[in-house]
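The primary structure of each chain is shown beneath.
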There are 6 protein chains.
Amino acid sequence: MSETKRTTLPNARTTPRFAGPCTFCRYPLLELVESEHLPVDWAIYGAPFDSGVTYRPGTRFGPRAIRDASQYVKPYSIPHDIDITEALSLADAGDAPVNPFDCKQNAERIYEFARDLPDPDHTRLMAIGGDHSIAYANIRATWERRGKPEGGLPLIHFDSHLDTVDMTLGEKWSHASPFIRAVEGGFIDPKRMLSVGIKGPLNTKTDLAYAKEHGVTIVTYEQFQAEGTRTIDAFVNELGEEPCYLTFDIDVIDPAYAPGTGTPSMGGITSAEAFALLRRLAGIEVVGADVVEVLPDRDVAQNTALLAGHIMFEILCLDAVRRRDR
Amino acid sequence: MSETKRTTLPNARTTPRFAGPCTFCRYPLLELVESEHLPVDWAIYGAPFDSGVTYRPGTRFGPRAIRDASQYVKPYSIPHDIDITEALSLADAGDAPVNPFDCKQNAERIYEFARDLPDPDHTRLMAIGGDHSIAYANIRATWERRGKPEGGLPLIHFDSHLDTVDMTLGEKWSHASPFIRAVEGGFIDPKRMLSVGIKGPLNTKTDLAYAKEHGVTIVTYEQFQAEGTRTIDAFVNELGEEPCYLTFDIDVIDPAYAPGTGTPSMGGITSAEAFALLRRLAGIEVVGADVVEVLPDRDVAQNTALLAGHIMFEILCLDAVRRRDR
Amino acid sequence: MSETKRTTLPNARTTPRFAGPCTFCRYPLLELVESEHLPVDWAIYGAPFDSGVTYRPGTRFGPRAIRDASQYVKPYSIPHDIDITEALSLADAGDAPVNPFDCKQNAERIYEFARDLPDPDHTRLMAIGGDHSIAYANIRATWERRGKPEGGLPLIHFDSHLDTVDMTLGEKWSHASPFIRAVEGGFIDPKRMLSVGIKGPLNTKTDLAYAKEHGVTIVTYEQFQAEGTRTIDAFVNELGEEPCYLTFDIDVIDPAYAPGTGTPSMGGITSAEAFALLRRLAGIEVVGADVVEVLPDRDVAQNTALLAGHIMFEILCLDAVRRRDR
Amino acid sequence: MSETKRTTLPNARTTPRFAGPCTFCRYPLLELVESEHLPVDWAIYGAPFDSGVTYRPGTRFGPRAIRDASQYVKPYSIPHDIDITEALSLADAGDAPVNPFDCKQNAERIYEFARDLPDPDHTRLMAIGGDHSIAYANIRATWERRGKPEGGLPLIHFDSHLDTVDMTLGEKWSHASPFIRAVEGGFIDPKRMLSVGIKGPLNTKTDLAYAKEHGVTIVTYEQFQAEGTRTIDAFVNELGEEPCYLTFDIDVIDPAYAPGTGTPSMGGITSAEAFALLRRLAGIEVVGADVVEVLPDRDVAQNTALLAGHIMFEILCLDAVRRRDR
Amino acid sequence: MSETKRTTLPNARTTPRFAGPCTFCRYPLLELVESEHLPVDWAIYGAPFDSGVTYRPGTRFGPRAIRDASQYVKPYSIPHDIDITEALSLADAGDAPVNPFDCKQNAERIYEFARDLPDPDHTRLMAIGGDHSIAYANIRATWERRGKPEGGLPLIHFDSHLDTVDMTLGEKWSHASPFIRAVEGGFIDPKRMLSVGIKGPLNTKTDLAYAKEHGVTIVTYEQFQAEGTRTIDAFVNELGEEPCYLTFDIDVIDPAYAPGTGTPSMGGITSAEAFALLRRLAGIEVVGADVVEVLPDRDVAQNTALLAGHIMFEILCLDAVRRRDR
Amino acid sequence: MSETKRTTLPNARTTPRFAGPCTFCRYPLLELVESEHLPVDWAIYGAPFDSGVTYRPGTRFGPRAIRDASQYVKPYSIPHDIDITEALSLADAGDAPVNPFDCKQNAERIYEFARDLPDPDHTRLMAIGGDHSIAYANIRATWERRGKPEGGLPLIHFDSHLDTVDMTLGEKWSHASPFIRAVEGGFIDPKRMLSVGIKGPLNTKTDLAYAKEHGVTIVTYEQFQAEGTRTIDAFVNELGEEPCYLTFDIDVIDPAYAPGTGTPSMGGITSAEAFALLRRLAGIEVVGADVVEVLPDRDVAQNTALLAGHIMFEILCLDAVRRRDR
């Protein structure tokens, strides 16, 4: 991709960050980009759905809040020494259609929207939640746009919760179940699934069973504190350059840093640890991603929404670095 | 009912209002009351459901917040000169079971819970929301416990919205539709339905059509400002002593007074006007009621939850006054 | 008092309201005023005490919050056509000493502080709460500085509550009891006491008994809505120019306007109605006053603290107008 | 204008209000409208500037917050019986460029942006603040696009403050001065200027002098309470159908209703009174307008931003009604 | 204790966490448990008292807020591999009676309530504050129910403050003094007292004197950062299996994690560090405990109340592990 | 300086921290100190200016909020074993005059105020912001009062941002530029400038150029995580006892700890790390300092303002320790 064929941001030295269109990190709207026939490396879209929650709702307002707060996310990474807007062509694809009254139909609707975004061979998908149930839709669309790889995609999963409960309150489609459903669909490969930051207390000991039986690599918070990135490094090493999907539940970060979420889990990683963990993944090829569970009504100083914008930035850095370094 | 057979409150002169069990307005728990074989005039229960909303969710936490704030609701009314805990035997019946994933099934579940509360001939039902969709369930249960009166119950309805939309976002069961569903079920009589406080802007002019075609008496906020209680008085006069149902959506009150709600409608009645309107109904026989749409996450100083407690109190006063004056 | 002998404010056209010393309404500190040998018409002091509350504490931070918010209170009244800083010499006398562990000893301590403020023949006292129990101390000091008038001072009382409970939770000294204690001390005359804005619900009907038996004139909120200022005007007319004390509990104003208070009472007068009521008192001679029950932790947008500053201003206007018009 | 040549809104029955592009009241973006060659009756743009304030800054985030909250503003008015999106073609023109470091240059910059918006003969301008200093720019642009009418435009002004201070803290360009500057420029006619809702306390009595000397019609809040709309009706009657400009400072509404503002003035009109006052203007021809001084950081439950959206709606109704009724 | 003789929780898979009775961590009410003649290992009660504070009051609402937030505390610990509701029989014993007007009498009253809870030989006591002064009462009751062990109980104390001030503002009974009073009463043994997390700045250097003179082992925050758990491990090792009391002041945790407290001390341990420290105590026998100083009005995102619930859980884990491993 | 010639604090054992004059950390007002002819080691003044910001304004209220919160800052440091009020004579010098409409003139005005504070040979200056642009003024005044040392003062700089941008939005004077302007003026020496805590993302890679070209020692957050205090220790060692200036931007601390700031940068040091870093500087001679960028409207639980008070305390400790140890 030549330099002249990238999307660009408004110049923060002439258009202040409190003014102008309010898109994800100030990336241009996909519909405006399309009229200029620019290629798009990542289409980032909102998935404003929260009817899959088991506790506190409100993440349907997540995409809007993240667009708002992410006006202050800048493009140059000091640790990676890269400007992602120079390395990547990025666009805000708007919001997927949702059905707030039916979790399964909603997953279908978002999946179709994501699947049909232009240029499936080239453009990668990042979904911004919404609750974690929407990950299913983006994973499925990514898998399909990548040619339905057999065995499913490897999955790197940051979360306090495993989200592999088969049924909750009588329902198989909720934010407790996206990965069990995605495994059943063949979209992800549980044996190449890494869940980082899992912590208790849990409802019952059996909540760990599914992951263990299906070969998921779990790094609990306590394990991470004790061993550092040993297991993670091994997983990444094993993975190599194989295309994978990355799902980031903001509740993996301690509620002191990310209060705006619906099922807060006390005692987690810090923002700085989250950034360091993501940077440590440099070398992998992320072909799809999501950042979920930001709940603006609990986000007392809007830190969580801004943090989500930074997480998005760090994920995009991984792709920018890969392209530079390959 | 003899004086010795009433439920009682903890003495606020010995148990301070910030201590002790946290039930609606400090009324005793129904299960404790039952073990003492006391009659119960009103069973008040929570309906923690909000998956019927079209905009902002969160009212599932309404019952809990109202229990909390209503610790400061006292029992003696100066204008009515009556102490409702001397006139009525009251109990907190806990929360109805809910299904947060299916609005129709949820309505069924709450209806069954309410229908099966003890002593159907004597005990009246007050449901505390939750979104307005739960009114359907309590109306239906009330209608059934009252012997399924033909033509349905008269309905007095305080709200900014008519809630008679047939379908929203592809769904017939939501907080936009409880009364169209209740009319269809024969549980309420639209010709004896009074909707007070309706105001715009509306989605379309046609949103008024159903109510007008079915004979609902509408008193818009602007009409109320212009004519006062003229239409309301006429309706009440016509109604006489016929048993009726009262549904109170907190968003009928201006958001300055009741910020904690999901579809706030600017420019409404004040708290004092709401109390005065309810007191003006004195003489009617309320056989079932609900207070809905309190959303704690938006309730910045907890005024809305406390206000809901006062609305509950004023509704109960109507029954206390009727018993005294008949 | 000659023009050259008044205290003055910083010029808001050169020292912005967000800068400089943070005293009540920007009036100078009494200790600085004293060194200039200026007369002081009103010494305004904080009474940061809240251990007399029966429900929610926190008004100990009231004086500080009111100083902060009142930086935006300006000195010229359009309706009275008077600039109070031209008519009066005003000073912030700092905070009274308090005893947060003993309500009775605290009252003693504040009383002594207030009694001993300089120039008792000339300087009038305004106490800023703190909870309503501190009114007792300021009333007693005012009464003593005025020469201990027999029968006690007349009292004009704005409040949602009567505050004439003999004993609460085993205690005779609390914010429920200041006026019963002041009557017992002979500092106020219950027959010339006017309580405006009283409203329910009450704990019991008997809470009204003391006031009724002792001849207090009560104007409930509902009565005010019905009759306007009829009873108030009659009381003021009867009072004439007799020196009186004015006590203003911020909870008389509806919680939509004044959320920052500890025992909020739903359905009250508006800010504008409060100002109008105070202006209507023009002609009376206020010789002491207090503004109480501002609780900053509940004051979500700091409206209550600013409102308290305006109430202070309106009370001072009464004295400014009296001096001009006599 | 034919029906087929209007801009349209997303259907709230298929795209929920918490999803999709976040423009003022969901009106389409001007740049998208232009590509469809639609006429535009009103171009509504943000003016995110707050460096003209004398007290609390933050209104630079006003346009963004109002776009967010106004997703819930619907298009059909019951009192006017009109759907403004059927009567008018409306567009969100984005944000004007600003200079946060220089109030005068900023006014110039916004003026040029507004002046140069397409189709000056047809398209009317509504500016959304930002602080009140931005009104100068929109008034000047409106005046110029209307052919620079001699004597300036009549002005209808809702505000707690007159905003005719010549100089503040050494500066002639601030939110205290837009109208004195606009009179000096000949853009507005002070003799046909109506200021509604003015209230004290003021810094000095002389703050009223400019307006009185230049023939401004002032209706203070107290005057409005006493006489109702008498003076306003007379002004409107006199004005007839002459094109005029309408400027609405949200602080004219009581802080209980509109806490999110920088110079809150206690004791004002309610939201309902504001709507009624605007509706009473029906018959006038508004050719330019602004809504200013919304400060999101103080807007504890986002009521102020939503209220601003409703005010915008009521102003647009005036134009819709005029077109229907002429 | 056989499996069939334990208390049980509502099933979170059928009764959602936002519904149903709101007891500590959803443990059953003691009065309901008693009617089933179940043994109770821990009676957990609220102590809603805050009149012992020297700075910011409001912890009287702590028990209620913790009950609310702790609905989301689950029972299975991954690090301990134990489900506490399978290992222990737990009950919510309601709130102790309090005297908000007298700190010493209040301590007496809570002590009597705790002492008289059923089954003193078996049931252990956990008190939930309230300010730290209430620890005295629970320590004394625990000591008495354990047969008044000579020399007093060992004490493990997490706190930013030593709470061994003899007198504050003229008062010997306050939240600054519980441990000096408990030592005087012979209920705790200062030579076997460990204070973890102490940090400055202090009022004076002499504030350390009492603890040092009486043999208290102090681990300041800075010492903990430097040496880790060395001193703590040695203390625990020395203690062995001797029954001890554990008191946890939430302000030991940094205010970023626990903002809802009255005397916040900047620069403390994280939530994760607190959990790890508590888990490291595994092996000791805790026979009484308290968690205090949660102040809901400052708890901006309710993190502090939820954190308190997790601390309660970790303390109960210690007893569950001891029973399993002995 | 003899013991009798120090300023003193109110005794917190008799005047509670919620009462009395509200100065920085309860230090006496300079004007009262002067009348007692006491020497002053540090004059601490507010600089309530925020018109230099490029994103979110509001720090003009910083000094007031820090005065308020810092009432709870105590004087004895455990790690340093020193009571700063015994070692230093401290005073609150009030607020500098500001010009909110012109960043350059404002810098001039604050500079003149600071320069002219009494006793320039002895009294050191600490400025409390306000935005970081005010550092220029205090640096310049300090440099001048110290005899205009050639080459400028060494600078120790804690910040997330370098603040060496030449021009922003067309303006050379803003909070992005204080150090480039101070270098140009010769007041600081970039070769002896240490910037700790810098982190990205940045606008462009070139934002690092100025610092690198002028020899600034940068320790990014990531570098600090990797190497600890190695570079910092080397710088301090090199510096020796040479008089230096210390500037502390609160946004160097992670927003979880310091949410109240205008350009929050995710992933930073903790409060405890900040304290440890400052303590590690012990041995240097600080002759001027500032603490800036506290924005109260975003400071949800007032933690940031209290934290700023602690930072002030730690900086003053450095001077107290130096005097003791020299």
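Here the structure is a predicted model, which is why all the values come from computation and not from measurement.

Quick notes on the confidence of the model for chain A
Scored by pLDDT, chain A comes out at a mean of 95, with 99% of its residues at no less than 70. Across the interfaces of the predicted complex, the ipTM metric reaches 0.96, alongside a pTM of 0.97.

Thoughts on the interface of chain C and chain D
Taken residue by residue, the interface counts 27 residues in chain C and 24 residues in chain D. It is helix α11 (residues 303–325) of chain C that contributes the most residues to the side of chain C that touches chain D, five residues altogether. Considering only residue class, the side of chain C that touches chain D consists of 18 nonpolar, five polar and four charged.

Regarding the interface of chain A and chain F
It is common to give the size of an interface as the accessible area lost on bringing the parts into contact. Listed as interface residues are 27 residues of chain A and, on the opposing side, 25 residues of chain F. Of all the secondary structure elements, the ones that give two or more residues to the side of chain A that touches chain F are β2 (76–77), α10 (271–280) and α11 (303–325) of chain A. It is α11 of chain A that contributes the most residues to the side of chain A that touches chain F, five residues altogether. Among the residues making up the side of chain A that touches chain F, the classes are represented as 18 nonpolar, five polar and four charged.

Concerning the sheet that holds strand β6 (residues 153–158) of chain E
Residues and elements named next belong to chain E. The eight strands are arranged β4-β1-β5-β10-β9-β6-β7-β8 in an open sheet whose pairing can be described as parallel. Whereas interior strands pair on both sides, the edge strands pair on one side only; in this sheet they are β4 (90–95) and β8 (217–220). Ignoring which end each strand starts from, the neighbouring axes of this sheet average 15° apart. By the bridge criterion, four bridges tie strand β1 (residues 42–47) to β4 in an arrangement that is parallel. Bridging from a neighbouring strand, glycine 46 pairs with aspartate 95 of β4. Strands β1, β4 and β5 (124–129) of the sheet are contacted by helix α2 (residues 62–69), whose axis makes an angle of about 105° with β5.

Digging into the sheet that holds strand β7 (residues 188–198) of chain B
All names here are of chain B. Across the sheet, eight strands lie side by side as β4-β1-β5-β10-β9-β6-β7-β8; this open sheet has parallel pairing. Edge positions in the open sheet fall to β4 (90–95) and β8 (217–220), since each of these has one partner strand only. The mean inter-strand angle of the sheet, taken between neighbouring strand axes irrespective of direction, is 15°. Here five bridges tie strand β6 (residues 153–158) to β7, and the two strands are oriented parallel to one another. Across the sheet, the residue bridging to isoleucine 156 is leucine 194, located in β7.

Some points on the relation of the copies chain C and chain D
Each copy superposes on the other: chain C lies on chain D with an RMSD of 0.0 Å after a rotation of 120° and an axial shift of 0.0 Å. On this basis, the relationship between the two copies can be described by a three-fold rotation axis. Nearest to the rotation axis, the C-alpha of alanine 256 of chain C is located 3.3 Å from it, this being the minimum over chain C. Comparing interface residues between copies, only 7% of those in chain C also lie at the interface in chain D; the contact surfaces differ.

Scoring rules and cut-offs
Residues numbered from 1 in each chain as written. Chains lettered and ligands numbered in written order. Predicted model: local features only at pLDDT ≥ 70, side-chain atom pairs only at ≥ 80, totals over all residues. pLDDT = per-residue confidence, 0-100. Contact = placed C-beta atoms within 7 Å. Helix = DSSP H or I, 4+ residues; strand = E, 2+ residues; numbered from the N terminus. Nonpolar A, V, L, I, M, F, W, Y, C, P; charged D, E, K, R; others polar. Pairing = 2+ DSSP bridges. Axes fitted to C-alpha atoms, helices over the stretch in contact; angles between N-to-C directions. Least-squares fit on C-alpha atoms with pLDDT ≥ 70 in both.

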